[in-house]
Amino acid sequence: MDKLLYGAAYYEEYLPYERLEEDIRMMTKAGMNVVRIGESTWSTMEPQDHVFDTRHLTRVIEAMDKAGISVILGTPTYAIPTWLVKACPDILAVTKEGRGIYGTRQNMDITHPAYRHHAERVIRKMMETCASYPNVIGVQLDNETKAYGTAGPNVQHGFVKYLREKFHDDLDAMNRAYGLDYWSNRINAWEDFPDVRGTINGSLGAEFSRYQRKILADFLIWQRTIVEPYLRKDQFITHNTDYSWIGHSYGLNSETDVYENAKAMTVVGTDIYHPSQGRLTGMEIAFGGDLTRSVKRDNYLVLETQAQGQIDWLPYEGQLRLQAYSHLAGGANMVEYWHWHSLHNGCETYWKGVLSQDFKENDTYREVMRIGKEWKKYGEHLAGLKKDNRIAILVSNTALTALEWFPISEKEEPLYRYNEVLMELYEVLYKNNLECDFLFPQNAAEYIGRYSLVLIPALYAASETLLQTIEQYVREGGHIFTTFKSGFADENNKVWSDETPHVLGKVCGICYSQFTLPENVGISSEKIEHLTGEVKHFMECLEPVTAKVLAGYEHYAYKRFAAVTRNVYKKGQATYLGCGLEKKALTAIVMDTVRNAGLSLPDVQFPIILRSGQNEQGKRICYYLNYSDSFQNVCIKEKGIELLTECELCENQMLTLSPWGLAVVEGV
Amino acid sequence: MDKLLYGAAYYEEYLPYERLEEDIRMMTKAGMNVVRIGESTWSTMEPQDHVFDTRHLTRVIEAMDKAGISVILGTPTYAIPTWLVKACPDILAVTKEGRGIYGTRQNMDITHPAYRHHAERVIRKMMETCASYPNVIGVQLDNETKAYGTAGPNVQHGFVKYLREKFHDDLDAMNRAYGLDYWSNRINAWEDFPDVRGTINGSLGAEFSRYQRKILADFLIWQRTIVEPYLRKDQFITHNTDYSWIGHSYGLNSETDVYENAKAMTVVGTDIYHPSQGRLTGMEIAFGGDLTRSVKRDNYLVLETQAQGQIDWLPYEGQLRLQAYSHLAGGANMVEYWHWHSLHNGCETYWKGVLSQDFKENDTYREVMRIGKEWKKYGEHLAGLKKDNRIAILVSNTALTALEWFPISEKEEPLYRYNEVLMELYEVLYKNNLECDFLFPQNAAEYIGRYSLVLIPALYAASETLLQTIEQYVREGGHIFTTFKSGFADENNKVWSDETPHVLGKVCGICYSQFTLPENVGISSEKIEHLTGEVKHFMECLEPVTAKVLAGYEHYAYKRFAAVTRNVYKKGQATYLGCGLEKKALTAIVMDTVRNAGLSLPDVQFPIILRSGQNEQGKRICYYLNYSDSFQNVCIKEKGIELLTECELCENQMLTLSPWGLAVVEGV
Amino acid sequence: MDKLLYGAAYYEEYLPYERLEEDIRMMTKAGMNVVRIGESTWSTMEPQDHVFDTRHLTRVIEAMDKAGISVILGTPTYAIPTWLVKACPDILAVTKEGRGIYGTRQNMDITHPAYRHHAERVIRKMMETCASYPNVIGVQLDNETKAYGTAGPNVQHGFVKYLREKFHDDLDAMNRAYGLDYWSNRINAWEDFPDVRGTINGSLGAEFSRYQRKILADFLIWQRTIVEPYLRKDQFITHNTDYSWIGHSYGLNSETDVYENAKAMTVVGTDIYHPSQGRLTGMEIAFGGDLTRSVKRDNYLVLETQAQGQIDWLPYEGQLRLQAYSHLAGGANMVEYWHWHSLHNGCETYWKGVLSQDFKENDTYREVMRIGKEWKKYGEHLAGLKKDNRIAILVSNTALTALEWFPISEKEEPLYRYNEVLMELYEVLYKNNLECDFLFPQNAAEYIGRYSLVLIPALYAASETLLQTIEQYVREGGHIFTTFKSGFADENNKVWSDETPHVLGKVCGICYSQFTLPENVGISSEKIEHLTGEVKHFMECLEPVTAKVLAGYEHYAYKRFAAVTRNVYKKGQATYLGCGLEKKALTAIVMDTVRNAGLSLPDVQFPIILRSGQNEQGKRICYYLNYSDSFQNVCIKEKGIELLTECELCENQMLTLSPWGLAVVEGV
């Protein structure tokens with residue numbers, strides 16, 4: 001793509017009165033050049049079985065075309081029409097809570113042949129009538145897809161077939177791998193396989209979660225094979241990936257494996273929602289961007305993000321613009337709001353779009369206009385940002401799911417789980433302006449060698465292969481920073497029975513047999529400043545073997561154990577963190593490890609965020625983002641041009657950023 | 001009625017041994033003159049299908065008659081006998097949780113023909129045998145009736161017929177009105193109508209709640225048509241209405257429309273339960289009384305209120321008497337305790353009556369005696385109190401239900417919803433001794449013109465007609481005080497798409513497009529003292545059009561918006577409150593509005609409560625109620641006689657009220 | 001038994017690789033001499049219907065025999081195999097939540113004939129092949145058995161038969177006893193009996209709980225009749241009783257009646273789990289031990305207790321040993337850890353055994369070695385400890401269950417229920433080194449006369465017989481200490497209708513009609529020091545009749561009532577506590593009552609715990625246990641030998657106990 005895409009999801013179906021021309025006028029005025037349409041409007045597109053009407057789509061596409069606005073076409077399959085459920089009630093997924101009831105979206109069994117039959121037919125009809133328009137630039141497969149907990153007899157039937165294949169029909173092997181003997185759960189004949197919804201076995205349960213992720217990935221591939229024949233070479237295929245959710249986007253999602261899903265896409269898409277107002281930090285934007293970019297190691301699309309958003313997300317002046325540039329700073333080529341207008345009915349009436357229900361120009365719209373204007377002017381400098389990061393974080397759906405079955409600590413509220421360990425590490429990097437990529441178990445072997453330092457949060461469950469990849473990386477000179485709860489179990493959540501942590505113990509030069517929850521336990525270090533404070537959440541009783549002790553526990557019962565260690569292993573080094581830390585202490589040990597890996601530390605910290613890369617013209621682009629409500633001075637390191645003001649800057653020039661303001665410097 | 005009724009619900013069925021004569025002796029000693037019997041005793045009255053035995057009722061009626069005690073006869077239908085469920089299991093309501101299970105009361109489908117058949121038969125039998133006794137003064141239809149969430153296929157069948165009639169069979173109109181296109185919920189054929197229990201559409205969902213309220217109102221009318229032929233002219237028909245419940249009576253109930261239900265009654269009845277001991281303020285008594293009185297704009301019956309009540313309601317000395325007079329001060333003609341004796345078994349063993357399980361005289365009984373004695377002596381002065389209030393509050397079940405689907409803020413615990421907005425306003429009036437009536441959407445047009453000031457809490461959803469009624473009222477000289485979240489949606493919860501707030505924007509001289517939850521936002525006013533402090537719960541970004549700004553927000557991001565405004569509109573004035581306030585600030589703006597409406601402010605505040613009216617002899621009766629545990633001096637404004645001490649009082653005489661004490665002054 | 005048993009549950013089935021010889025080597029090294037095997041391994045023992053394989057058991061028994069290790073054989077029936085559920089799905093219990101789903105243990109209907117058929121067959125097979133080995137010392141029937149909420153139609157069918165027998169087919173008697181008239185719940189024909197799962201009647205509901213406890217007791221007797229014919233005279237029959245659970249063992253369990261269950265055992269067994277680390281007090285060990293010992297008034301087996309245990313139970317140095325001796329100090333003859341090795345899969349992976357998953361020697365194992373060594377050497381002095389206590393606490397499942405239906409206060413979080421009243425009293429005794437036994441309604445008449453003082457916590461529901469037993473005890477010279485909420489209802493939870501408290505009112509010389517929850521109420525006493533502070537949870541308005549008032553309420557509304565009283569009744573005395581107290585005040589009144597009963601008060605308090613008795617050689621054994629992390633000095637009262645150091649001690653010698661340390665003194 002040679003220009004930035006900027007726009008909104010647009011649902012002409014939901015408008016209370018005819019407004020198409022007026023909406024296009026306002027979009028054009030605001031500098032928008034793309035809309036996403038169609039997804040979730042099946043009941044409009046096929047009002048009755050085999051009765052199709054796509055005029056509401058073609059009408060919009062044609063009008064947008066006239067106005068020079070591109071269209072992304074969403075397959076409508078993530079919400080099913082009422083007639084389909086009446087005709088075929090068992091399309092509704094059977095989950096742990098039993099058969100669902102019609103009402104919400106995303107409640108069907110996406111493996112059900114009747115659903116597949118109807119979904120394919122409506123997708124084909126949409127593609128036939130809509131795909132060939134010149135302004136249709138791409139297709140979005142479904143939306144925020146999951147398996148929706150589908151676990152009926154048909155799904156479990158497939159699961160047993162999957163297990164028979166995985167274990168080559170060897171039941172003993174499966175019983176052993178999952179430890180099913182326990183509490184008499186042993187399965188001695190395949191036909192005895194019990195209802196997996198009731199399992200309390202964290203190995204079998206996690207395997208079923210993995211199978212559900214596979215259902216989802218297979219489903220997207222299936223949709224891709226349907227839409228592909230209708231597409232021109234210049235049209236992309238994407239999908240709106242959503243991450244985990246705690247009221248906003250946050251960490252990995254145990255229901256989706258974004259790496260596998262991406263095999264159905266030519267460009268990876270995502271939605272990113274985040275706190276706003278006084279709680280806006282940009283971290284979720286950066287995290288979502290870095291993760292999405294890392295999947296195909298390429299630019300990505302922000303298919304949804306907030307305009308006014310949820311009720312307490314109404315942005316302060318400047319925030320919407322800061323957010324938009326922050327997306328670009330991660331490598332996004334598109335920012336698309338969800339959604340153009342706020343709904344007049346239904347459960348998302350208070351998830352507001354660019355316009356309120358009164359369709360009047362408002363502060364948010366006025367800020368969109370400013371962004372649109374700037375991007376029209378400077379977009380070619382900003383599109384296609386590439387990065388060459390030296391730090392990576394290894395993330396794993398297997399470990400994430402494992403720690404849902406085996407929580408780090410069940411005693412805490414809010415729970416401290418995989419995503420907390422991950423996000424705490426990410427926050428240290430983000431706030432200290434250390435950019436990073438993500439590695440996945442599937443591509444670690446291929447790419448790990450490119451990095452100077454790899455952070456490994458709570459890799460609780462991992463295959464021997466993945467652990468060996470890490471071992472080889474350090475052996476050949478790499479640096480790792482590994483936290484507690486790593487190398488504990490294999491990919492089936494079977495705890496290793498030799499040494500703890502498995503493989504990583506050797507690499508890190510430590511072992512341990514016992515661990516506990518800290519109660520009035522402190523940490524102290526003679527070697528690293530600020531590595532002090534309270535031990536939180538969880539602690540391992542580390543015994544150094546070849547490692548150097550960086551910090552120990554302050555508590556009479558744990559004096560002889562290490563808390564943080566570092567080990568020289570062959571050509572590389574491995575730092576091991578045996579316990580939860582307060583932010584300040586975590587920052588201290590991570591920063592020390594970064595320095596130890598030979599990387600330089602930026603002298604600017606949050607609330608000033610620096611993000612940079614190379615644009616398509618090969619020029620260095622550096623974003624200076626002010627995530628605060630006060631003026632901030634920042635020193636520009638390299639000679640360049642501030643793009644948005646077109647000012648030339650010399651080396652070491654001081655620049656003042658407005659509250660929630662920013663600067664974009666192109667190197668010369 | 002020319003005398004006060006004073007008594008208790010009496011369940012001879014539940015007594016552990018024969019006590020009828022002894023109970024009557026104790027009642028008579030205590031000055032009681034009425035009991036309520038019969039309701040919920042179906043299994044005793046009809047022990048087997050078509051086997052009736054009403055001797056336990058006639059026996060009590062006859063014995064009461066001998067002692068000069070009146071009887072209110074309750075139809076027994078709100079709890080069904082075991083044999084009926086065995087014979088016809090589908091009488092149990094199907095709700096969102098599925099088919100109910102026998103055990104609790106109020107779990108049947110009140111629309112079910114089998115239930116109706118059996119209920120009618122047992123009511124007729126009771127009326128035949130009991131209604132004609134001379135001391136039977138009235139009938140209570142059922143008890144605290146609701147639809148009990150009934151939502152089975154039969155009920156939904158009726159709901160679809162109701163919708164077809166409402167929309168004249170025009171599906172497009174319904175889809176449009178409810179915005180069903182969203183997430184593919186569009187219904188393109190009536191036979192495709194999905195199970196409404198699963199709906200996530202707040203328009204359809206609220207309509208179903210309205211339909212459930214209609215089921216209830218229709219049910220009471222049906223019972224009235226059954227009992228009416230058996231009644232003499234002097235016998236009344238009532239129903240025990242209950243309001244919303246948060247451990248005690250509180251605000252409107254979204255499951256009942258008291259205005260519609262009252263069409264089945266000749267006298268409106270209610271129950272009122274409230275906190276006691278150190279938490280006794282009298283507010284719930286006043287609120288329940290004012291609301292109930294306003295339904296038919298006439299006196300009412302307190303069919304149930306607490307004696308010892310729940311475990312932490314045991315009244316301090318004086319409180320029971322203070323409560324009893326407070327009911328009269330609202331216009332009640334009867335106070336009936338629930339119940340005479342405390343139960344020896346079952347789930348309400350700890351909802352205690354006048355007597356404990358030991359049947360001995362106790363402090364509560366001794367206070368009942370005092371009340372009974374006084375009422376016998378002074379009752380004719382106190383009965384039939386009429387009021388002529390100048391302030392009204394407009395309440396709406398439609399708005400209440402709407403805000404259950406669209407909460408003001410989902411972030412708070414406890415939730416801040418319609419009833420909180422309503423009760424905060426009521427509290428300001430109550431504690432400043434400003435008496436008020438209530439208006440309902442059904443009677444606003446007829447009566448609104450009688451008031452100098454109308455308070456309108458969170459009228460989120462309202463018909464065009466109701467909004468025009470308000471507009472006309474102000475146009476012709478009325479004053480209104482409207483809060484945030486008013487005029488936002490129509491009666492189908494469809495957000496207005498023209499201006500916000502709809503109609504009221506014009507009247508109030510403001511508009512707004514955006515709103516948010518306040519975070520460290522203050523309010524300040526140069527015009528009104530004490531209109532200051534923290535903004536809470538919710539805030540609108542008001543833009544004055546013709547209105548005068550009374551207060552603004554203190555926060556850098558919201559400086560340009562108004563928080564409170566006042567507008568001269570034609571002959572009237574409209575004050576608009578754009579945000580949640582602390583109590584002190586809310587009091588300041590409400591008091592200022594009262595003054596601005598030309599009303600005078602009493603110089604006495606809580607804990608001294610003043611309530612007054614005219615008795616049936618046309619004399620002014622004024623209650624001075626001391627809601628505190630200390631002595632309080634109060635200045636008597638008008639010459640009169642303190643009834644209970646028979647002291648003559650001159651103008652401006654100071655009177656000392658005992659802790660939890662009171663005085664009743666009859667003007668001369 | 002002439003030696004101490006020390007060992008662990010051992011599940012060779014769950015081991016990840018062949019380790020039997022190595023495990024036995026490590027056990028022997030640690031001084032262990034017993035293992036428990038077999039329970040919950042049905043799916044291994046009978047992999048398919050009627051296909052048996054007990055070699056995994058015989059193999060272990062034989063290897064243990066060679067090493068001189070005894071074996072307790074557990075019947076495998078508390079977890080059912082997958083094939084059984086597939087073959088007979090209705091074996092899964094129907095509970096309030098409906099039919100269960102396979103997965104967890106303890107989810108079947110233990111009354112189901114198909115379950116009984118299969119369970120009997122597998123038990124017989126196990127007994128046939130395993131019971132006759134010389135080192136098999138006993139059998140454990142099932143494990144932690146309950147009725148698991150089973151309440152399907154078959155179970156309810158049995159319940160109705162049980163009721164017909166209880167009430168001699170007299171329905172009126174039942175309706176009266178349970179007060180079913182209320183809310184029309186009256187049952188007028190046995191065939192009308194409604195689904196008891198829905199009942200809201202606390203009498204009927206509690207009766208069903210009692211019936212479920214009977215199901216459990218009958219089930220254990222049934223297992224005993226199966227295993228008994230296979231056993232030698234020297235082999236015992238036990239069962240693993242578990243008490244209530246709040247994250248650890250705590251108080252009585254309303255699902256089990258340990259007294260009734262014990263009829264199936266020759267030796268009573270139990271599990272005891274407790275907080276550890278900084279929260280270790282030994283109280284749960286003492287309570288569980290005292291209660292279990294009291295059932296048959298004999299020594300008992302600790303069939304399960306924690307080694308490393310749950311994640312935050314990892315013992316500090318010394319704690320495991322302190323715990324082990326504390327079990328002996330209560331009269332245990334065996335301490336068996338759950339379990340030998342930590343699991344590599346499944347839901348109890350983090351309920352760790354002696355060894356971690358790496359099977360290496362760790363700190364916990366090393367402390368086991370120390371204990372094992374000491375017990376081998378000194379075991380014959382320590383086994384078979386007998387006690388002759390002067391204080392008893394009367395506990396009742398009927399009262400416990402009653403207070404689940406009628407909570408003392410519903411307003412509090414955490415709830416204050418029967419077990420809180422019980423445990424607060426027990427804590428006072430424990431921390432002041434006053435040892436006690438427990439009495440049960442079933443054996444009170446026989447044994448109550450042996451005690452100088454009987455504490456009676458919240459005996460809410462009790463039969464006339466039990467109350468008369470208490471009356472007779474005091475009449476003949478006994479002392480009781482009774483709390484609020486005693487003597488309120490009969491054994492059917494029907495509140496007594498004569499006087500409150502029933503019978504006990506006369507004994508205690510008081511009565512009351514009213515009670516409430518205290519709000520800013522204090523207590524004060526002129527007679528007893530420290531009987532002061534806040535009144536908590538609940539208070540009764542006591543009126544003394546013949547009693548002396550020990551303390552009154554501080555609150556203007558409750559001045560005339562007593563809070564604590566003492567009464568001379570015939571030859572005895574009765575102290576009555578009418579309200580909840582803070583710990584300090586509770587201690588004051590209990591201690592005063594102990595003194596008043598003529599008992600002497602030890603001058604040593606927690607954290608030093610003294611426990612003593614007579615060993616099998618008739619010598620006095622006294623344990624000095626230091627439940628703190630600091631050194632403690634204690635004065636030895638009697639001349640003797642400190643067993644573990646073999647030091648001679650003279651009278652009044654000071655001894656220093658290490659942190660979490662102990663001494664055992666044998667009198668000479």
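In this report, we go over the structure that sits alongside the text. From a predicted model like this one, the values you see are computed outputs, not experimental measurements.

Attention shifts here to the overall build of chain A. If you tally the helices and strands in chain A, you get 18 helices and 31 strands. Expected size for 668 residues packed as a compact globule is a radius of gyration near 26 Å; at 26 Å, chain A falls within 12% of this value. Sorting the 668 residues of chain A into buried and exposed places 70% on the buried side. The long-range fraction of contacts in chain A, counting pairs at least 24 apart against all pairs at least 6 apart in sequence, stands at 74%. Put simply, chain A shows about 22,200 Å² of open surface, and 49% of that area lies on carbon and sulfur atoms. Within chain A, the 87 negative side-chain charges are centred at a point lying 2 Å from the centre of the 69 positive side-chain charges.

For the pair chain C and chain B, the superposition axis carries a translation of 0.0 Å, the fit reaches an RMSD of 0.0 Å, and the rotation angle comes to 120 degrees. The transformation just described matches what one would write down for a three-fold rotation axis.

Residue and element names in this part refer to chain C. For the pair helix 10 (residues 283-296) and helix 11 (residues 319-330), interaxial distance at closest approach is 9 Å and the crossing angle is 30 degrees. Our classification of the angle between helix 10 and helix 11 gives roughly parallel. Regarding helix 10 and helix 11, the two cross each other, and that crossing is right-handed. Seen from helix 10, the contacting residues are I285, G289 and R293; seen from helix 11, they are Q323, S326, H327 and G330. Across the contact of helix 10 with helix 11, the residue classes break down as one nonpolar, five polar and one charged.

With 55 residues of chain C in contact, the opposing surface of chain B contributes 51 residues. Around 4,300 Å² of area is buried between chain C and chain B when both sides are counted, 51% of it from carbon and sulfur atoms. When the buried area of chain C at its contact with chain B is split by residue, Y182, W183 and Q514 of chain C rank highest and sum to 18% of it. Between the two partners, chain C and chain B, sit two salt bridges. In this structure, R560 of chain C engages D363 of chain B in a salt bridge whose closest nitrogen and oxygen atoms are separated by 2.7 Å. For the pair chain C and chain B, the interface holds 35 residue pairs in polar contact (both at pLDDT 80 or more).

In this section: unusual backbone geometry. In this model, W338 of chain A is joined to H339 of chain A through a cis peptide bond whose omega is 15 degrees. Relative to the elements of secondary structure, H339 of chain A occurs in the loop between strand 11 (332-338) and helix 12 (363-382). Cis geometry marks the peptide bond from F606 of chain B to P607 of chain B; its omega dihedral reads 15 degrees. The residue P607 of chain B is located in the loop between helix 18 (583-596) and strand 25 (608-614) in this model. Even without being a glycine, E646 of chain B presents a positive backbone phi close to 60 degrees. Examined against the element boundaries, E646 of chain B turns out to sit in the loop between strand 28 (640-642) and strand 29 (647-649). Overall, E646 of chain B belongs to the partly exposed group, its relative accessible area being 46%.

The next thing to look at is the interface of chain B and chain A. Each side of the interface is counted separately: chain B has 55 residues, and chain A has 52 residues. Here chain B and chain A share an interface that buries about 4,300 Å² over both sides, 51% of which is from carbon and sulfur atoms. Counting the surface chain B buries against chain A, the share from its top three residues, Y182, W183 and Q514 of chain B, is 18%. On the surface where chain B and chain A come into contact, there are two salt bridges. Taken together, chain B and chain A are joined by 35 residue pairs in polar contact (both at pLDDT 80 or more). Of all the secondary-structure elements, those providing two or more residues to the side of chain B that touches chain A are helix 7 (171-178), helix 8 (202-227) and strand 17 (515-516) of chain B. The biggest single contributor to the side of chain B that touches chain A is helix 7 of chain B, with three residues.

Let's shift gears to the packing of helix 3 (residues 55-66) of chain C against helix 5 (residues 113-130) of chain C. Residues and elements named next belong to chain C. At a closest axis distance of 10 Å, the pairing of helix 3 and helix 5 adopts a crossing angle of 35 degrees. Crossing of helix 3 over helix 5 shows right-handed handedness. Where helix 3 abuts helix 5, its residues L57, T58 and I61 lie against M126, T129 and C130. Class assignment of the residues belonging to the contact of helix 3 with helix 5 gives a composition of four nonpolar, two polar and no charged.

What counts and how
- Residues numbered from 1 in each chain as written.
- Chains lettered and ligands numbered in written order.
- Predicted model: local features only at pLDDT ≥ 70, side-chain atom pairs only at ≥ 80, totals over all residues.
- Heavy atoms only, no water.
- Helix = DSSP H or I, 4+ residues; strand = E, 2+ residues; numbered from the N terminus.
- Rg over C-alpha atoms; globule rule 2.2 N^0.38 Å.
- Buried < 20%, exposed > 50% of the residue type's maximum accessible area, 1.4 Å probe, protein only.
- Contact = heavy atoms within 4.5 Å.
- Areas by Shrake-Rupley, 256 points an atom, 1.4 Å probe, with all protein chains shown as cover.
- Lys, Arg positive; Asp, Glu negative; His and termini not counted.
- Charge placed at Lys NZ, Arg CZ, Asp CG, Glu CD.
- Least-squares fit on C-alpha atoms with pLDDT ≥ 70 in both.
- Axes fitted to C-alpha atoms, helices over the stretch in contact; angles between N-to-C directions.
- Parallel < 35°, antiparallel > 145°, perpendicular 65-115°, else oblique.
- Left-handed = near helix turned anticlockwise from the far one by under 90°.
- Nonpolar A, V, L, I, M, F, W, Y, C, P; charged D, E, K, R; others polar.
- Buried area = accessible area lost by both parts, 1.4 Å probe.
- Salt bridge = Lys/Arg side-chain N within 4 Å of Asp/Glu carboxyl O.
- Polar contact = N/O pair within 3.5 Å; in protein donor to acceptor, adjacent residues only side chain to side chain.

In short, geometric facts, not functional conclusions.
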